[in-house]
Amino acid sequence: MSKETFETIAIFTESSTYIKIEQEKKYEIKTTQGHSQLRDLLHFSPDEQWIYYCTSAEKPEKRRSILSLWSLPENVIHKVNRFTGETVVIENSKMKPIHCFTVRYGFLIVCDGSHMKAMTDDDYTLFFDEELNSKGDQINGCTLKIVNDKLLLFISRNGHCIPVYSFEKEKDKWQLKLYQEISIPYNINFCAFGSGSYSNYLMTCLDCFVSPFIGVLKDGKIVDSGIVLKVPWEKGESQKGEEGDRPEGESEEDSDTRKYSMMADWAPNSSLVALGLEEGMCCVFDLETREPVVTFHNAKRAEAGIYYEKGQIRTIRFSPVPSVPLLVFGEDREWIHFVDTVTWKHQVIKAPMDEMINGVKFSSDGRFLCVAFNSCIIEYQISVAVPSLKQICIKFLSRQNMDVSVLPLDLRQQILKEKQYHESAIKKPVETPEQEQSEKKGETQEEEHKQEQSEKKDETHNEEHKKEQSEKKDETHNEEHKQEQSEKKDETHNEEHKQEQSEKKQQIEQDESKDAQN
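Remember, it's a predicted structure, so these values are computed and weren't measured experimentally. (Residues numbered from 1 in each chain as written. Predicted model: local features only at pLDDT ≥ 70, side-chain atom pairs only at ≥ 80, totals over all residues. Heavy atoms only, no water.)

**Re the overall build of the protein chain**
Test applied: Strands are runs of DSSP state E lasting at least two residues, helices are runs of H or I lasting at least four, and both sets are numbered from the N terminus onward. Think of it in three bands: with a 1.4 Å probe and only protein chains considered, a residue is buried below 20% of the maximum accessible area for its type, exposed above 50%, and partly exposed in between. The contact criterion used is simple: two residues touch if any of their non-hydrogen atoms lie within 4.5 Å. Only the protein chains shown count as cover for residues, with accessible areas throughout obtained via the Shrake-Rupley method and a probe of 1.4 Å.
Along the backbone of the protein chain there are 6 helices and 29 strands. By the burial criterion, 44% of the 518 residues in the protein chain qualify as buried. Long-range pairs, those at least 24 residues apart, make up 48% of the contacts in the protein chain with a sequence separation of at least 6. For the protein chain, the computed accessible surface area is about 28,900 Å², with 47% contributed by carbon and sulfur atoms.

**With respect to the sheet that holds strand β19 (residues 261-266)**
Using the following cut-off: Paired strands, as defined in this entry, are two strands with at least two bridges between them according to DSSP. Under this scheme, a helix contributes an axis fitted over its contacting stretch, all axes are lines through C-alpha atoms, and angles between N-to-C directions fall in the 0 to 180 degree range.
The sheet built from 4 strands is open, its strands ordered β19-β20-β21-β22 with antiparallel pairing. A single partner strand is all that each edge strand has here, and the edge strands are β19 and β22 (291-297). Averaged over neighbouring strand pairs, the angle between their axes works out to 20° when direction is ignored. For strand β21 (residues 281-286) and β22, the ladder comprises 6 bridges, and the chain directions are antiparallel. Of the residues in β22, the one forming a bridge with Asp286 is Glu291.

**Comments concerning the pattern of salt bridges**
What counts here: Salt bridges, as used here, are contacts in which a Lys or Arg side-chain nitrogen is within 4 Å of a carboxyl oxygen on Asp or Glu.
Taken as a whole and assessed by the stated rule, the structure comprises 12 salt bridges. A salt bridge links Glu379 to Arg82; its shortest N-O distance comes to 3.0 Å. Pair noted here: Glu379 is in strand β29 (residues 377-385) and Arg82 is in the loop between β5 (75-81) and β6 (87-95), with a separation of 297 residues, a long-range link. We classify Glu379 as buried; its relative accessible area is 0%. Within the structure, one salt-bridge network assembled from shared partners comprises Arg39, Glu278, Arg314 and Asp332.

**Brief notes about empty space enclosed by the protein**
Formally: Within this scheme a cavity is a closed region of a 1 Å grid, computed over the protein atoms alone, that accommodates a 1.4 Å probe without allowing it to escape, whereas a pocket is open but has protein on both sides within 12 Å along at least five of seven lines; lining residues each have an atom within 4 Å of a point. Grid points are joined across faces, edges and corners, and a volume is the space filled by probe spheres set on the points. We call Asp, Glu, Lys and Arg charged. Ala, Val, Leu, Ile, Met, Phe, Trp, Tyr, Cys and Pro are nonpolar, and the rest, Gly among them, are polar.
Per the counting criterion, the structure on display carries 1 cavity of 30 Å³ or more. Here the largest cavity defines a volume of roughly 80 Å³. Lining of the largest cavity is provided by 14 residues; of these, Leu38, Arg39, Asp40, Asn140 and Phe190 occupy positions nearest its centre. Counting only elements with at least two residues in the lining of the largest cavity, the list comes to β11 (139-147), β15 (188-193) and β19. Sorting elements by how many residues they give to the lining of the largest cavity places β11 first, with 3 residues. A class-by-class count of the residues in the lining of the largest cavity yields 6 nonpolar, 5 polar and 3 charged.

**Quick notes on the pairing of β6**
As paired elements, β5 and β6 share 5 bridges and run antiparallel to each other. The residue bridging Ile77 from the neighbouring strand is Ile90, located in β6. Here β5 folds back onto β6, and the loop between the two strands holds 5 residues, one of which, Gly85, carries a positive phi near 80°.

**Some words on the nonpolar core**
Note that soluble globular proteins tend to have their nonpolar side chains buried in a common cluster. To keep things clear, this is the line we draw: Take the buried residues of types Ala, Val, Leu, Ile, Met, Phe, Trp, Tyr and Cys, join any two whose side-chain atoms come within 4.5 Å, and each joined set is a nonpolar core.
Met203, Leu275, Leu327 and Phe329 are the most contacted members of the largest nonpolar core, which totals 32 residues. Breaking this core down by element, the ones donating at least two residues are β15, β16 (201-206), β19, β20 (272-277), β21, β22, β23 (313-318) and β24 (326-331). Core analysis: the next-biggest nonpolar cluster, separate from the first, contains 21 residues, Ile19, Val328, Leu369 and Ile382 among them.

**Some words on a negative patch on the surface**
Filter applied, for reference: Distance thresholds for patches are 9 Å for like charges and 5 Å for nonpolar side chains (Val, Leu, Ile, Met, Phe, Trp, Tyr), applied to residues having over 30% relative accessible area and no salt bridge. We score Asp and Glu as negative and Lys and Arg as positive, and we do not count His or the chain ends. Each charge is placed at NZ for Lys, CZ for Arg, CG for Asp and CD for Glu.
Residues Glu455, Asp458, Glu459, Glu463 and Glu464 make up a contiguous surface patch of negative charge. Secondary-structure assignment places Asp458 in helix α6 (residues 433-517). On the basis of relative accessibility, which here comes to 43%, the residue Asp458 falls in the partly exposed class.

**A short note on the layout of surface pockets**
Taken as a whole, the largest pocket holds about 990 Å³ of empty space. Arg104, Asp265, Arg317, Pro320 and Lys361 are, among the 35 residues lining the largest pocket, the residues nearest its centre. Elements with a minimum of two residues in the lining of the largest pocket: β3 (42-44), β7 (100-104), β11, β15, β19, β23 and β27 (357-362). Here the lining of the largest pocket gets 5 residues from one element, more than from any other, and that element is β11. Along the lines of polarity and charge, the residues of the lining of the largest pocket split into 19 nonpolar, 9 polar and 7 charged.

**Notes on the side chain of Ser93**
To keep it simple, the criterion reads: Definition of a polar contact: a pair of N or O atoms within 3.5 Å, with one able to donate and the other able to accept a hydrogen when the atoms are protein atoms, and with sequence-neighbouring residues admitted only if both atoms are side-chain atoms.
Its location among the elements puts Ser93 in strand β6. Side-chain polar atoms of Ser93 contact the backbone oxygen of Ile90, separated by 2.5 Å. Ignoring anything within four residues of it in the chain, the contact list for Ser93 reads Asn75, Val76, Ile77, Ile98, Val110, Lys117 and Met119.

**Considerations on the sheet that holds strand β25 (residues 335-340)**
Reading across from one edge, β23-β24-β25-β26 is the order of the 4 strands in this open sheet, with antiparallel pairing throughout. Each edge of the sheet is formed by a strand with only one pairing partner; in this case those strands are β23 and β26 (346-350). Ignoring strand direction, the axes of neighbouring strands in this sheet form an average angle of 20°. One ladder, built from 5 bridges, connects β23 with β24; its direction is antiparallel. For Ile313, the partnering residue across the bridge sits in β24 and is Glu331.

**Quick notes on the environment of Pro163**
Within the secondary structure, Pro163 sits in strand β13 (residues 161-170). With a relative accessible area of 3%, Pro163 lands in the buried category. Between the C-alpha atom of Pro163 and that of Tyr179, which follows or precedes it by 16 residues, the distance is 7.8 Å.

**Here we look at the packing of aromatic side chains**
Quick note on the threshold: Centres within 6.5 Å are what make two rings of Phe, Tyr or Trp a pair, Trp counting through its six-membered ring; a difference in plane orientation under 30 degrees is then read as stacked, over 60 as edge-to-face, and the rest as tilted. Both a distance and an angle decide whether a charge sits over a ring: NZ of Lys or CZ of Arg must be within 6 Å of the ring centre and within 35 degrees of the ring normal.
Counted under the stated rule, the structure contains 12 aromatic pairs. Relative to Phe127, the ring of Phe107 lies with its centre 5.8 Å away and its plane at 75°, an arrangement referred to as edge-to-face. One end of the pair, Phe107, is in strand β8 (residues 107-111); the other, Phe127, is in strand β10 (residues 126-131), and 20 residues separate them in sequence. Note on Phe107: relative accessible area 5%, which makes it buried. Each residue in the set Phe107, Phe127, Phe167 and Trp174 is aromatic and connected to the rest through ring pairs, giving one cluster. We note Lys79 situated over the ring of Trp50; from NZ or CZ to the ring centre the distance is 4.5 Å. A cation over a ring is seen here: Arg82 above Phe368, with NZ or CZ 3.8 Å from the ring centre.

Have a look at this one:
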């Protein structure tokens, strides 16, 4: 476990509360999944001191051997201490491979595709270890729920029914007994229960292209199954039978598979429910109106408007407390989405590694969040602050055309500052990917132009420098030439003077010679 410096990855400021999400810890542990579509594989102990996760039970050299390719991998549940980094292997949880598990109410339930184990969460004493699918129906999920003071276990599977088990204690030993079978005419990937006034509402994610199924439970039985939520498919996301709208080269069967829903979650004490789809969509519905409230797409689809085969929504969680209004959902790999459920502002975060996301889990108070990747688990700290009355007044007055001259100077300055910030935010246009690319291209061209101008300037400067050097050289040469000419002239003059003096001397001598003869 490594303690990271706080790094802010998302912040929401326009909501009724201010929300800041920061990366705090990174646990250097490997996680995995037994089924590529089933990723509800991260849970906390009741005191939230331990993080439970799924990893490989095989040694690296065995996983690399050819023989291991012919058998399903063996997984096991581990837990890591959030404060000390200590890890514990839960040996009784070994299965081939683990599809789902849950830790709650003092029990640990682990399932592979056909087998289920149940054990106590204190000493991991195994009290149930049996095959469940006599018809070959794959187990996809397990959910614990208290209904009428009775703890029940709901099993999601491909058998057109949900087996419900009750916990019974006989002679100080726990037992699981089949309590009820809820018939649903479709294969089920996941079950999600509401809370508060919606605590008896059960939503099922279906392994088919039809809309999700919601029923009302009473004594563990479905008493109302008439609730239908219609997914708002867009062009290119039409349902079965409409040929031309599927991506090019995709079969009808593949197109139907993209409509499957793998996970859902309810907002706390609310009629809102979120659904994650293989299509790469996250749809939030309001059960009161049975209409979609908002729809989000995976990062690649939102950016480029195209279907992205690795952008399926595998994990989805609401914060469990209304005071932290957040929805988090993860794609198949790398991309994590944070949504403010008051304003529906949406921020997408690219994880520091391109790996599968194997689980997402909030703490019970919503103050931290863990995300499991193949090579590590990252813990994010969530800070929530309710604005003061003064901040609310400043925000309100900055939006109004009111005379604030009677207010104190410091308050007027804060209102003006908030108003300028708000106006600049409104004027700032929302850029499309094409505009963003065009701007980047323009910036690149501008940089190239500046560089070209700089190079030309340098060349001109060099030319001027060379010219200046040449002129100086010429001047020096001229000076030298002049000096040389002057010296030569002086020499010539001296020679002429000498010659003249010599001639005068000879003339005097001749004159003296003549006088002597006379």
